[in-house]
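One-letter residues, chain by chain:
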Amino acid sequence: MTIKDIAQLAGVSISTVSKVLNNKLYVAPQTRRHVQDVIKRYNYQANSTARNLAQSKTHDIAYLDKFIRNIPFENPHMFNILLGAENKLQNKNYRISLVNLASKKTVNQILEAQLAIKQFDGILINSACMNPKIEKIILRYDLPAVCIGKLEFDSMLSWIDTNHRHSVAKAVNFLKHKGYKALCFMGGMLGDKISDERIQGFKQALLQYNDNKSSQIIYNKPNVQSIYSCTMQLMQSRKKPDAIVCNNSLIAYAVITCLNDLKLTMPNDVAVLTFDDYPYSQLIVPTPSVIEIDLYELGKQAASMLIHKIKNPAQLLQTYTTLPQIIERGTT
C-alpha cells in the first residue's frame, strides 16, 4: 500500500498524509485524527527509501519577487537585500534561484510545480508580493519560508522587517535635540506601505513634544515636478517648517532643488533629513543628512532566519531587525 492509497481512502491530498506522517503543522486536528485512523486501520508503513529521497536536500533557495523592466530605478534597495541574502546562503553552501512573480501564471503554475517536486529547500519572498493565495501554496507543501517585510494580513509564515516607526522617531528626536520646532514629513502617496508606517511613527514621536499643531504631513506622488510644487507652496505659506523629513531620496532631490531655487540656506533657514542614501543623494547639493537603514544586513538576517527554519520547520519567527543610523551632513 502506498501513500497515494492512504490519501484516496482518507479523502485527502497526498501532501496532507505526508504532513501527518511527519508530524508537521498546518493540519486541522480533526483531519489529522481521521488520517491517523486510516493509517492504523490498514497498518500502513511508510517506505523509508522513498521518504529519504523525498527529504533529500537540494541546497537551492527560491527568492521570490517581481522582477520587471526598470525595477532597479523604482526599487534600488531590493538588490542590496538580495546580495545580503546571497552572501549568507553562499557561506552555508546554498544557491539562490530567482522566481519571478510578475505574472499570475508564475504563481498558479510554475511556482506550484516547482514546490511539488521539492526543487527548493526553502523560500525567501518579498512581502509586497505576498497574498493569502501564495501563502496557501507555500503552506500546502510545508516548505520553510521567510517573508522580507511585515505581512499585512495574519499569517503562519515567518517574516523579518525594519521598524519604520522606530526609524522616523529617531529622526524626530535628532531634529528636536538640535532645536528645530516646526517639522514637516514629506511622505509618499497615501497607501504606500512604508511611507504610511513612517507617518504613524512621525505622529507618535511628536506626542512627547506636544507640538502636533506646529508640524505637518504632506503626501506626494513619485514625480519630481509635483514634489517641487508642493515644496514651493509649503515654503511660501505662513506655516512653513524649519525642518523637513523626506521619505526617500527622490523626494529629497525635489525638495532641496526647490529650497536652492528659493535661495534658502541649509541648515540655517531649514534643515533637511532624508531616508535612503541611494540612488539620488550623491547628486544633491548640499549632500543631505540621511537616516540609513542597512538593507544588505536585512538580507543576511532573513537568510539566517531561513536556515534556522530549514533545521526546525515548526519554528515561527516574526520580528524586527537592523537599527537605523543617522549620517549627518550639510543639510542639518
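In what follows, the structure referred to is the one given above.
Quick look at the structure, then. What you are looking at is a predicted structure, and each value in this text was computed from that prediction instead of being measured.

**Topic: the overall build of the protein chain**
Right, so step 1: The number of helices and strands found in the protein chain is 13 helices and 12 strands.
Right, so step 2: Here the protein chain holds 332 residues, and 45% of them are scored as buried.
Right, so step 3: Within the protein chain, contacts between residues separated by at least 24 positions form 70% of all contacts whose residues are at least 6 apart in sequence.
Right, so step 4: Charge centroids of the protein chain, computed over 39 positive and 26 negative side chains, lie 6 Å from each other.

**Looking at helix 6 (residues 77–91)**
Because the α-helix completes a turn every 3.6 residues, residues three or four places apart line up on one side.
Right, so step 1: Look at helix 6: 22 Å from first C-alpha to last across 15 residues, which is about the 21 Å you get at 1.5 Å a residue.
Right, so step 2: Of the positions making up helix 6, those classed as buried are His77, Met78, Ile81, Leu82, Gly84, Ala85 and Leu89. The buried residues of helix 6 occupy one face: seen down the axis, they fall within an arc of 160°.
Right, so step 3: Considering only its buried residues, helix 6 is in contact with strand 1 (60–65), helix 5 (71–74), strand 2 (95–100), strand 3 (122–126), strand 4 (145–148) and helix 13 (295–311).
Right, so step 4: Of the residues trailing helix 6, Asn93 is marked for its positive phi of about 65°.

**Observations concerning the sheet that holds strand 4**
Right, so step 1: Judged by pairing direction, the sheet is parallel, and its 6 strands sit side by side in the order 2-1-3-4-5-11 without closing on themselves. Because the sheet does not close on itself, it has two edges, and the strands there are strand 2 and strand 11 (318–321). Looking at each pair of strands side by side, their axes are set apart by 20° on average, direction ignored.
Right, so step 2: For strand 5 (residues 158–162) and strand 11, the ladder comprises 4 bridges, and the chain directions are parallel. Each residue of the ladder has a partner; that of Thr162, found in strand 11, is Thr321.
Right, so step 3: Set on the sheet, helix 13 makes contact with strand 1, strand 3, strand 4, strand 5 and strand 11; between it and strand 5 the angle comes to about 165°.

**Concerning empty space enclosed by the protein**
Right, so step 1: Enumeration over the complete set of coordinates arrives at 1 cavity of 30 Å³ or more.
Right, so step 2: Considering only enclosed or pocket space, the largest cavity measures out at about 80 Å³ in volume.
Right, so step 3: Together, Tyr26, Ile138, Leu139, Asp142, Leu143, Pro144, Ala145, Met156, Leu157, Lys309 and Pro313 line the largest cavity.
Right, so step 4: Here the lining of the largest cavity is composed, by residue class, of 9 nonpolar, no polar and 2 charged.

**A short note on the nonpolar core**
Right, so step 1: In terms of nonpolar packing, the biggest core is built from 42 residues, with Leu124, Leu175 and Leu183 touching the most fellow members.
Right, so step 2: A total of 8 residues in this core trace back to one element, the largest contributor, which is helix 13.
Right, so step 3: With residues up to four places along the chain from it excluded, the contact list for Leu183 reads Val172, Leu175, Lys176, Phe202, Leu206, Ser214, Ser215, Gln216, Pro241, Asp242 and Ala243.
Right, so step 4: Listed in part, the 21 residues of the second largest apolar core include Phe120, Ile125, Ile134 and Trp159.

**Structural notes on the packing of helix 11 (residues 224–235) against helix 12 (residues 249–261)**
Right, so step 1: As a packed pair, helix 11 and helix 12 sit with axes 8 Å apart at the nearest point and diverge in direction by 50°. Classified by the angle their axes make, helix 11 and helix 12 are oblique. Taken as a pair, helix 11 and helix 12 cross one another with a handedness that is right-handed. Listed contacts from helix 12 to Val224, Ile227, Tyr228, Thr231, Met232 and Met235 of helix 11 are Leu250, Ile251, Tyr253, Ala254, Val255, Thr257, Cys258, Leu259 and Asp261.
Right, so step 2: In the contact of helix 11 with helix 12, the residues fall into 12 nonpolar, 2 polar and 1 charged.

**Section: the sheet that holds strand 9 (residues 271–275)**
Right, so step 1: Pairing is mixed in the open sheet, where 6 strands are placed in the order 7-6-8-9-10-12. Each end of this open sheet is capped by a strand with a single partner; those strands are strand 7 (216–218) and strand 12 (325–327). In this sheet, adjacent strand axes meet at a mean angle of 20° when their direction is disregarded.
Right, so step 2: Pairing analysis gives 4 bridges linking strand 8 (residues 243–246) to strand 9, with the strands arranged parallel. Across the sheet, residue Cys246 finds its bridge partner in strand 9, namely Thr274.
Right, so step 3: The strands touched by helix 11 within the sheet are strand 6 (183–186), strand 7 and strand 8, with strand 6 carrying the most contacts at an inclination of about 165°.

**A look at the packing of helix 2 (residues 14–21) against helix 3 (residues 29–41)**
Right, so step 1: Viewed as axis vectors pointing N to C, helix 2 and helix 3 meet at an angle of 85°, and their least axial separation amounts to 10 Å. By the angle class used here, helix 2 and helix 3 are roughly perpendicular. Between helix 2 and helix 3, the residues in contact are Thr16, Val17, Lys19, Val20 and Leu21 and Thr31, Arg32, Val35, Gln36 and Ile39, respectively.
Right, so step 2: Its residues assigned to classes, the contact of helix 2 with helix 3 shows 5 nonpolar, 3 polar and 2 charged.

What counts and how
- Residues numbered from 1 in each chain as written.
- Predicted model: local features only at pLDDT ≥ 70, side-chain atom pairs only at ≥ 80, totals over all residues.
- Heavy atoms only, no water.
- Helix = DSSP H or I, 4+ residues; strand = E, 2+ residues; numbered from the N terminus.
- Buried < 20%, exposed > 50% of the residue type's maximum accessible area, 1.4 Å probe, protein only.
- Contact = heavy atoms within 4.5 Å.
- Lys, Arg positive; Asp, Glu negative; His and termini not counted.
- Charge placed at Lys NZ, Arg CZ, Asp CG, Glu CD.
- Expected span 1.5 Å × (residues − 1).
- Arc of directions from axis to C-beta.
- Pairing = 2+ DSSP bridges.
- Axes fitted to C-alpha atoms, helices over the stretch in contact; angles between N-to-C directions.
- 1 Å grid on protein atoms, 1.4 Å probe; cavity = no way out; pocket = protein on both sides within 12 Å on 5 of 7 lines; lining within 4 Å.
- Points joined across faces, edges and corners; volume = space filled by probe spheres on them.
- Nonpolar A, V, L, I, M, F, W, Y, C, P; charged D, E, K, R; others polar.
- Core = buried A, V, L, I, M, F, W, Y, C linked by side-chain atoms within 4.5 Å.
- Parallel < 35°, antiparallel > 145°, perpendicular 65-115°, else oblique.
- Left-handed = near helix turned anticlockwise from the far one by under 90°.

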